[in-house]
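The primary structure of each chain is shown beneath.
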Amino acid sequence: MSTTAPFLRGGDILEEPYEFDFKGLDRGAQIERELPLIESRLGRLMEALVSGGLLETVVWQVKTEEERKKTLAKELHGPARCSGSS
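Conventions adopted
Residues numbered from 1 in each chain as written. Predicted model: local features only at pLDDT ≥ 70, side-chain atom pairs only at ≥ 80, totals over all residues. Heavy atoms only, no water. Salt bridge = Lys/Arg side-chain N within 4 Å of Asp/Glu carboxyl O. Helix = DSSP H or I, 4+ residues; strand = E, 2+ residues; numbered from the N terminus. Buried < 20%, exposed > 50% of the residue type's maximum accessible area, 1.4 Å probe, protein only. Expected span 1.5 Å × (residues − 1). Polar contact = N/O pair within 3.5 Å; in protein donor to acceptor, adjacent residues only side chain to side chain. Core = buried A, V, L, I, M, F, W, Y, C linked by side-chain atoms within 4.5 Å. Contact = heavy atoms within 4.5 Å.

Draft legend 1. Seen up close, the pattern of salt bridges. All chains considered together, the criterion is met by four salt bridges. Of the charged contacts in the structure, one is a salt bridge between Glu75 and Arg27, with a shortest N-O distance of 2.6 Å. Of this pair, Glu75 sits in helix H2 (residues 55-77) while Arg27 sits in helix H1 (residues 27-50), placing them 48 residues apart in sequence. With a relative accessible area of 41%, Glu75 lands in the partly exposed category. For Arg27, a relative accessible area of 27% translates into the label partly exposed. One salt bridge in this structure joins Arg41 and Glu65, with 2.8 Å as the shortest N-O distance. Taken together, the positions of Arg41 in helix H1 and Glu65 in helix H2 put the pair 24 residues apart, joining distant regions of the chain. Accessibility expressed as a relative area gives 3% for Arg41, which makes it buried.

Shown next as structure tokens:
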């Protein structure tokens, strides 16, 4: 299974995707591997925002990454364990 995501290079948000190869991993391992990548992208998005990146684009991508992170956390830990957090 491959996942694609937008990324930043030199402070610019690029539309071309990059891929993560999760072949051979069970779903839990895939999620465990993707969550730190999301955190890294969120950090770069914050840097882009501070550096004067396009506000609407950066905010949209932050929301997208946060939503993906929540979805993966719920899948990994189950809805009962994530229902109390936001």
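Once the structure has been displayed, the description carries forward.
Draft legend 2. Up close: H1. Here H1 spans 35 Å end to end across 24 residues, near enough to the 34 Å set by a 1.5 Å rise per residue. Here H1 starts with a cap whose side-chain oxygen sits 3.2 Å from the backbone nitrogen of Gly28, and that cap is Asp26. Positive backbone phi, at 95°, marks Gly52, one or two positions downstream of H1.

Draft legend 3. Main features of the nonpolar core. Membership of the largest hydrophobic core is limited to nine residues, which are Ile31, Leu35, Ile38, Leu42, Leu45, Ala48, Val58, Val62 and Leu72. Mapped by element, the contributors of at least two residues to this core are H1 and H2. Looking at this core, the element that brings in the most residues is H1, giving six residues. If we ignore the near neighbours within four places in the chain, the residues touching Leu35 are Lys69, Leu72 and Leu76.

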